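# Geometric and topological summary
Spelled out from the first residue to the last, the chains are:
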Amino acid sequence: MDTENRSTMKMLPGDEVRQIMWRFAERYDVQMAIAGARQVARGLIAKLVADGQRFTHDWTDAKNEMFTKFDECGISAGAMKMEYGGIFDGPKNLPMSLLSYEIAWVDQGAATSSFVNDLAMGPIAELGTEEQKAKYMSLCAPGNPSGKTWRGSFALTEPLPYVGVDTGVLCGRVSVADWKEGEEPMLRIEKRGRFITNIAIADYVTVAVNSGDDRIKGTCMVIVEATDPGKFDRGAQTKKLVHQLSNTGDPVIDVTIPASRIVGGYTIKDGQIVPNFAHSEIIAQVFSKTRVGVGVMGAAALMSAVEPVIRYQRTRFRGAVGVEESSPRFQLGIQMKEDATERLADVWATAEAASSLGFDISRRFDALEMIQDEAKAKLGKGREMLKNMKAPMAKAAEILAAGGDPLADEDVTVRYVYLQALCNILCPSCKLWNTGHGADVLRQAVSLMGGYGITEDCPGFLFYKWTDTQLAATYEGPEVVQRRQISETMSNPVFLAQVEAWAKELDSCSKAAENGSKALAAALRLWAWTRAFTTTAKDADGRKLGSSQRHGVVFPLADALAGLMAAKSFHADVKFLALNGAEHPVVGPELEGYLNTFNDLLGTVTADVAGEAGKLCSGIVYGFTAATDADKAAFQALRAQLDEALAGTRLAKDRAAKALTTLMIPEALDYPL
């Protein structure tokens, strides 16, 4: 290959490229909302950070102005249904992820303020009664007849030692305050919340409580309004070291509400109030999707770091005595040295993969929402559903093994079990890899700025983004929760069939050797073999390696899989751009350069995640002395295939690093320092 004359990306990807890659080129409504969110983020929010609003724990009038701007640009209405004042028709996972991405590009705390406002609505939107949806969605939509846009908060965790240690442990209580015959029961809600975001401005709070009364069964979530009779103490502001553009406190709530505020409604059986949904059912439904938004924030922080580092590297020596404008030292600065650009290539490649993973799972959740009601009606509930899912799961696996697409099947239950199998892996993978591994890579980005990286006026606010990501890694469940979900769902036969189908697809890629596709295929097969090995192998003490509580085995498998999923999503986006970018008037003429650089970035991140998967799998197979000679021979053959498939990926990283020295960037960032 003639690398000297090979075209590369001329500038960092703009909206035209992203609209194609992330599949919203035909969504004018989404594009307009993104434009509004970008204006707020790079205008007001950037100014708040630059003016030092992160240096106070208090919720100031200046910070509160964000919500006014969110109302004006449509963000506040993003999660609402159209009939209640929303701006997006149909499923909203991708649009909301894109809006979170825009806000987090500047500040994750600000993005969290918007995100939690939607999170509060989550229980109502997902499982609330029609009356609850109509009331609260209407009140939370800007311009509603009440004249005030309501803000929400989500009170799940309790004041146990440390923050949010277990969402299943509830100290909050619900009891019967008054129950006159023939009238609706009145309930007493007692809740001491812990680390509750948006509580300083909440007009309503969705609260998780446990029964403290024999007349109420189990747990539930309820809707508390700030004006309900009783005590609604918002608590002091939590003195966070990060996310200062979101408000957090430990509220004390002791109020009386009507039973109609039980989320999802209730029935009365034998004189007992029986909520239709336990709190665990509701948070499972809500968190299954909302954790993606937090992962997307991590991806945005990573991607936003690329341009400031380029600018810093190039201008590092300008103005020094003896550095002439025509000299390479003036033009390239630190980028004259290979280490600087290679490490930045790692940051960029990780950012691309993290973004692709976040928007991939967002689109899949949208597709799942379109069919889930119809599918669930056919599958039934509880044990009946589990029984009825077996046949469509077997069919979906057969379709994948034959090289087909389960989404093309006419049976809605086949499409449903297929999408569910993927979402159960991709969602926690996004949260785990984007915020966990993403925080490690953001540290690298900060270090690339030298001493400038830890100053208040660091371009791009990189230090803040790095530290903010530490908290984002705990939101919606810390790493252990994501690893637990992956480890519990990674043995789904539909997903395992998809893994092999992906491997076959990657092997046949036209640039399989150049962009790491062969290495990704080999890593997927090595991971699948290792997972299967753990289901039968035992350690020296006779303990099964793959048991669900053997976290030292199944959690490393989850970590390995999360990275592989990020690379696979990035591969799909690059492939989609190759197939759909040629006819675009702006992208088409530069498509070859975009694809060359994207493929080099893909090879870079694939080498990273495939190598990590190989290391983790080797530790499992050899580390517990459980492998027989036959096991070792099989593993060694697969590992050798992976190692050989990595051929050329370092050259891809070299090319990506070199492309960073020729990219054109604006003279200044488009938001204040």
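Bear in mind that the values here come from a model prediction, so they are computed numbers and not experimental data.

## Quick notes on the overall build of the chain
When helices and strands are tallied, the chain shows 21 helices and 11 strands. Taking 26 Å as the expected radius of gyration for a compact globule of 673 residues, we find that the chain reaches 26 Å, a close match to that expectation. Restricting to contacts in the chain with at least 6 residues of sequence separation, those with at least 24 account for 75%. Only carbon and sulfur atoms are counted for the fraction: they give 52% of the accessible area of the chain, which is about 27,000 Å².

## Here's the deal with the environment of W466
The residue W466 is located in helix α14 (residues 462-472) in this model. In this structure W466 comes out as partly exposed when scored by relative accessible area, which is 22%. Taking the C-alpha atoms as reference, W466 lies 8.4 Å from D440; in sequence the two are 26 residues apart. Among all residues touching W466, those that are not within four sequence positions of it are A439, L442, R443 and V446.

## Quick notes on the packing of helix α5 (residues 108-127) against helix α7 (residues 279-304)
In the contact formed by α5 and α7, the axes pass within 10 Å of each other and the chain directions differ by 160 degrees. As the angle between them shows, α5 and α7 are arranged roughly antiparallel. Note on packing geometry: the crossing formed by α5 with α7 is right-handed. Along the contact surface, α5 presents Q108, A111, T112, F115, L119, G122, P123, E126 and L127, while α7 presents E281, I282, Q285, V286, F287, K289, T290, G293, V294, M297, G298 and A301. Its residues placed into classes, the contact of α5 with α7 shows 11 nonpolar, seven polar and three charged.

## Regarding the nonpolar core
Within the largest apolar cluster, 192 residues are counted, with the highest numbers of intra-cluster contacts made by F495, M565, L577 and F598. The element that contributes the greatest number of residues to this core is helix α13 (residues 412-447), accounting for 19 residues. With sequence-adjacent residues up to four places away left out, F495 is seen in contact with A421, L422, I425, M490, W502, W527, L561 and M565. In this structure, I199, V207, V209 and I262 belong to the second largest nonpolar core, which totals 22 residues.

## Some details on the packing of aromatic side chains
Each aromatic ring pair is described using two quantities: the centre-to-centre distance and the angle formed by the ring planes. In total, this model carries 19 aromatic pairs according to the counting rule given. Here F154 and F287 contribute two aromatic rings whose centre-to-centre distance is 5.9 Å and whose plane-to-plane angle is 45 degrees, an arrangement assigned as tilted. Taken as a pair, F154 in strand β1 (residues 152-155) and F287 in helix α7 lie far apart in primary sequence, 133 residues in all. One exposure class covers both F154 and F287, and it is buried. A centroid spacing of 5.7 Å and a plane angle of 80 degrees characterise the contact between Y622 and F635, whose relative ring orientation is edge-to-face. Linking Y622 in helix α19 (residues 591-623) with F635 in helix α20 (residues 629-645), this pair joins segments that are 13 residues apart in sequence. For Y622, a relative accessible area of 34% puts it in the partly exposed group. The class of F635 is buried, set by a relative accessible area of 1%. Site record: aromatic cluster; members linked through ring pairs are W22, Y101, W105 and F359. When the ring centre of F576 is taken as reference, the NZ or CZ atom of R23 above it lies at 3.9 Å. Over the ring of F317 we find R329; its NZ or CZ atom is 3.9 Å from the centre of that ring.

## What to know about helix α4 (residues 93-104)
Compared with the 16 Å implied by 1.5 Å per residue over 12 residues, the 16 Å span of α4 between its first and last C-alpha is a close match. Within α4, 12 of the 12 residues are buried, which leaves the element mostly enclosed by the surrounding structure. Buried residues in α4 make contact with α2 (28-50), α3 (61-73), α5, α7, α10 (338-379) and α14.

## Digging into the side chain of T604
Relative to the assigned elements, T604 resides in helix α19. What makes T604 buried here is its relative accessible area of 5%.

## A few points about the pairing of β1
Burial along β1 is two-sided: the face carrying G152 and F154 and the face carrying S153 and A155 are both buried. Sheet analysis places β1 next to strand β5 (residues 204-211), joined by four bridges and oriented parallel. Paired with S153 across the two strands is V205, which belongs to β5.

## Digging into α19
The end-to-end C-alpha separation of α19 is 46 Å, in line with the 48 Å expected for 33 residues at 1.5 Å each. In terms of burial, α19 is a largely internal element, 24 of the 33 residues being buried.

## Observations concerning unusual backbone geometry
In this model, H243 sits at a positive phi of 55 degrees, which is unusual for a non-glycine residue. Relative to the helices and strands, H243 resides in the loop between β7 (230-233) and β8 (248-249). A positive phi angle, near 50 degrees, is found at T625, a position not held by glycine. Here T625 is to be found in the loop between α19 and α20.

Parameters and conventions
- Residues numbered from 1 in each chain as written.
- Predicted model: local features only at pLDDT ≥ 70, side-chain atom pairs only at ≥ 80, totals over all residues.
- Heavy atoms only, no water.
- Helix = DSSP H or I, 4+ residues; strand = E, 2+ residues; numbered from the N terminus.
- Rg over C-alpha atoms; globule rule 2.2 N^0.38 Å.
- Contact = heavy atoms within 4.5 Å.
- Areas by Shrake-Rupley, 256 points an atom, 1.4 Å probe, with all protein chains shown as cover.
- Buried < 20%, exposed > 50% of the residue type's maximum accessible area, 1.4 Å probe, protein only.
- Axes fitted to C-alpha atoms, helices over the stretch in contact; angles between N-to-C directions.
- Parallel < 35°, antiparallel > 145°, perpendicular 65-115°, else oblique.
- Left-handed = near helix turned anticlockwise from the far one by under 90°.
- Nonpolar A, V, L, I, M, F, W, Y, C, P; charged D, E, K, R; others polar.
- Core = buried A, V, L, I, M, F, W, Y, C linked by side-chain atoms within 4.5 Å.
- Phe/Tyr/Trp six-rings, centres within 6.5 Å; stacked < 30°, edge-to-face > 60°.
- Lys NZ or Arg CZ within 6 Å of the ring centre and 35° of its normal.
- Expected span 1.5 Å × (residues − 1).
- Pairing = 2+ DSSP bridges.

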